[in-house]
Structures are given as structure tokens and as C-alpha cells.
Amino acid sequence: MQFKKYTKQRNSIQGLRSFKDTLPKNIKKVINKKGHVYSETINNWKHIVGENLFKVCYPKSFKNSNKLGVSTLLINVKRGHEVELEYSRKDILEKLNNLFGYSVVEKIKLTSFDDEKIKPSTNDESIYNVTNHDYQKKINSVKNEKIKESLIKLSKVFKTK
């Protein structure tokens, strides 16, 4: 029996679907774009930078290495605390690379931000306090209510870490 090579159907065990197949396409793009390194960095951020810097900075994004550039971690820092993070840049690189066991991050870029928080003008503020506006639009486009609620809970967990 011959199998077709270029079919869009995925082979699965009868009655069981993987979690990846149940998610909508736009949510899969968000999760795949961030990747494993970024999620582990967020989970262990307090351990990596320490208690003092944890209060004033957070990882914004991770760009993997390619032919043109090196792997870069972009960190948002509260205005006025850039010097503290600049002095601990080498320690952060060492701790990140030790966490993964190989050289994951080669460069760190810093961007500063003001501490002012912009509140949306909607009545349901508890949802919007968790994620930024772009991801919130994508989460709201999900039709299944259970998946939408679980994605909001997931983003709250990432926000607290």
C-alpha cells in the first residue's frame, strides 16, 4: 500500500487529537513565534536577574540567530535603571546560557520605557490588564469560549512571572 506524500491530513490515533491541532491558526502563530527559549526565559526571569532587577525589567522578545545576525534577547527596562542592567549584562548572559546548557543568547539589547500604564476605556478591564492590545485582539477572535478563557489564564500566569 502506498501513501501520498503531500497530503494536508495528519495521522492520529482514533479519538485523540494533539493539543496543537485543537488551537486556532492565529493562536498557533503566536505560540510558535515566541518559541521555547522565550518561554523558559520568562519562567526563570526572577532567578536569572535577581530580585532587584526583576522589579524594573522584563524580557520583551527573543530573536533567534540566522545567517545575517546573532541570537538576541530584547529587554525592556524602566527609565532610570538602565545602568544597573548594563553592569549585570554579562551575568545575565552567563546565567541564560547555563540554564539551557549551550550558547542560546549571544547579545542583549536594552530598551527603556516609562512606568505609566495606559488603561483601556472598556468596562472589562480585568482581561485587558494581562496582555498587550495586539494579542488581546487575537484572543478575542477565538470563537470557543473555553479556549479563550484558558488563553487569558495562561497570559495571566506569564504576567505574574
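Everything quoted here is computed from the prediction, not taken from an experiment. (Residues numbered from 1 in each chain as written. Predicted model: local features only at pLDDT ≥ 70, side-chain atom pairs only at ≥ 80, totals over all residues. Heavy atoms only, no water.)

A.B. asks: Looking at this model, I keep getting lost on the nonpolar core. Mind explaining?
C.D. replies: Inside soluble globular proteins, nonpolar side chains tend to come together where they are buried. By size, the foremost hydrophobic cluster in this structure holds 21 residues, and its most contacted members are Ile 75 and Val 105. Element by element, the count of residues in this core is highest for helix α6 (residues 89–100), at four residues. When near neighbours in sequence (up to four residues on either side) are disregarded, Ile 75 contacts Trp 45, Cys 57, Tyr 58, Pro 59, Lys 60, Leu 85, Ile 108, Lys 109, Leu 110 and Thr 111. Formed by six residues, the second largest nonpolar core is a distinct cluster that contains Leu 23, Ile 139, Val 142 and Ile 152. (Core = buried A, V, L, I, M, F, W, Y, C linked by side-chain atoms within 4.5 Å. Buried < 20%, exposed > 50% of the residue type's maximum accessible area, 1.4 Å probe, protein only. Helix = DSSP H or I, 4+ residues; strand = E, 2+ residues; numbered from the N terminus. Contact = heavy atoms within 4.5 Å.)

A.B. asks: When you look at the environment of Glu 84 in this model, what are you seeing that I'm missing?
C.D. replies: The residue Glu 84 is located in helix α5 (residues 82–87) in this model. Taking C-alpha positions, Glu 84 is 9.9 Å from Val 56, a pair spaced 28 residues apart along the chain.

A.B. asks: Help me understand the confidence of the model for the protein chain in this model?
C.D. replies: If pLDDT is low for a region, its predicted coordinates should not be looked at in detail. Confidence along the protein chain averages 77 in pLDDT terms, with 69% of residues attaining 70 or more. Segment residues 118–130: pLDDT under 50, and 13 contacts once partners within four positions in sequence are set aside and those in other chains are kept. (pLDDT = per-residue confidence, 0-100.)

A.B. asks: Is there a simple way to think about a positive patch on the surface in this case?
C.D. replies: Residues Lys 60, Lys 63, Lys 107 and Lys 109 make up a contiguous surface patch of positive charge. Of all the elements in the fold, those that place two or more residues in the positive patch are β1 (57–63) and β3 (107–113). For Lys 109, the position within the fold is in strand β3. For Lys 109, a relative accessible area of 43% translates into the label partly exposed. (Patch = residues over 30% accessible without salt bridge, like charges linked within 9 Å, V, L, I, M, F, W, Y side chains within 5 Å. Areas by Shrake-Rupley, 256 points an atom, 1.4 Å probe, with all protein chains shown as cover. Salt bridge = Lys/Arg side-chain N within 4 Å of Asp/Glu carboxyl O. Lys, Arg positive; Asp, Glu negative; His and termini not counted. Charge placed at Lys NZ, Arg CZ, Asp CG, Glu CD.)

A.B. asks: Can you walk me through α6 in this structure?
C.D. replies: It helps to recall that an α-helix has 3.6 residues per turn; residues three or four apart then point in one direction. Taking 1.5 Å per residue as the helical rise, α6 with its twelve residues ought to reach 16 Å, and the 17 Å between its terminal C-alpha atoms agrees with that figure. Every buried residue of α6 is listed here: Ile 92, Leu 93, Leu 96, Asn 97 and Phe 100. Around the axis of α6, the buried residues are gathered within 125° of arc, so they sit on the same side. Across α6 from its buried face, at more than 90 degrees, point the exposed residues Lys 90 and Asn 98. (Expected span 1.5 Å × (residues − 1). Arc of directions from axis to C-beta.)

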